[in-house]
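Structural overview
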Amino acid sequence: MMHFVDNIPIYLQIKDILNRRIISNEYELGSQLPSVRQLAVQFSANSNTVQKALKEMTDEHIITPRRGKGNFITSDEEIIAEMKEHIVTEMFDTTYEKLRSLNMNDQEIVASFNSYVKKRDEKNE
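This section reports on the structure supplied with the text. (Residues numbered from 1 in each chain as written. Predicted model: local features only at pLDDT ≥ 70, side-chain atom pairs only at ≥ 80, totals over all residues. Heavy atoms only, no water.)

With respect to the overall build of the protein chain
On a plain count of helices and strands, the protein chain comes out with five helices and two strands. Counting helices and strands in the order they occur from the N terminus, the protein chain gives α-α-α-β-β-α-α. Relative to the globule expectation of 14 Å for 125 residues, the C-alpha radius of gyration of the protein chain, 18 Å, shows a markedly less compact shape. C-alpha atoms of the protein chain, sized along the principal axes, occupy 55 × 30 × 30 Å. In the protein chain, which comprises 125 residues, the proportion classed as buried is 24%. (Helix = DSSP H or I, 4+ residues; strand = E, 2+ residues; numbered from the N terminus. Rg over C-alpha atoms; globule rule 2.2 N^0.38 Å. Buried < 20%, exposed > 50% of the residue type's maximum accessible area, 1.4 Å probe, protein only.)

Right, here's the structure in full:
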């Protein structure tokens, strides 16, 4: 069962999860998505909510509906690269603002991030 955040509409959270699955290649480019009904069961959500997420993804050219066949992920790597860049930028924006609110300057932020990555690498070796 999915656990959704209360202050963000569920369809946006579903869209975000699907986008991340596409970016991480869990769903391959050009492949068919599970049906709306299957996704609704998977997310423990109403099919209308899932359909709303898919509609936005269609509007953004991330997926293409094929009448009678379902929804297919774009094969356009550039669209996926732009989507990934957008998500990464959003994450960095949020983190950057939080660190700046601690009165950290850019050099301190970069040094802290580099130190963080180095520690993660050492921990995972």
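Some details on the environment of Asp6
Within the secondary structure, Asp6 sits in the segment before helix H1 (10–23). We classify Asp6 as exposed; its relative accessible area is 81%.

Concerning the environment of Thr94
Topologically, Thr94 is positioned in helix H4 (residues 77–100). What makes Thr94 partly exposed here is its relative accessible area of 43%. For the pair Thr94 and Gly30, spaced 64 residues apart in the sequence, the C-alpha separation amounts to 32 Å. Here the side chain of Thr94 touches Glu90 through a polar contact of 3.1 Å, landing on its backbone oxygen. (Polar contact = N/O pair within 3.5 Å; in protein donor to acceptor, adjacent residues only side chain to side chain.)

Brief notes about unusual backbone geometry
With phi around 70°, Asn25 is a residue other than glycine that occupies positive phi space. Position of Asn25 among the secondary structure elements: in the loop between H1 and helix H2 (36–43). Backbone geometry at Asn103 places phi at a positive 65°, although glycine is not the residue there. Counting through the fold element by element, Asn103 comes out in the loop between H4 and helix H5 (106–123).

Looking at the packing of aromatic side chains
Any two aromatic rings considered together are summarised by their centre-to-centre distance and by the angle between their planes. Under the criterion given, the structure shown has two aromatic pairs. Summarising the aromatic geometry, the rings of Phe92 and Phe113 are spaced 6.3 Å apart at their centres and angled 85° between planes, so their arrangement reads as edge-to-face. Note that Phe92 is positioned in helix H4 and Phe113 in helix H5, a separation of 21 residues in sequence. Here Phe113 falls in the partly exposed class, since its relative accessible area comes to 45%. Through a chain of ring-to-ring contacts, three or more aromatic side chains come together here, namely Phe92, Phe113 and Tyr116. Over the face of the ring belonging to Tyr11 we find Lys52, whose NZ or CZ atom lies 4.4 Å from the ring centre. Here the basic side chain of Arg66 rests over the ring of Phe72, its NZ or CZ set 3.9 Å away from the ring centre. (Phe/Tyr/Trp six-rings, centres within 6.5 Å; stacked < 30°, edge-to-face > 60°. Lys NZ or Arg CZ within 6 Å of the ring centre and 35° of its normal.)

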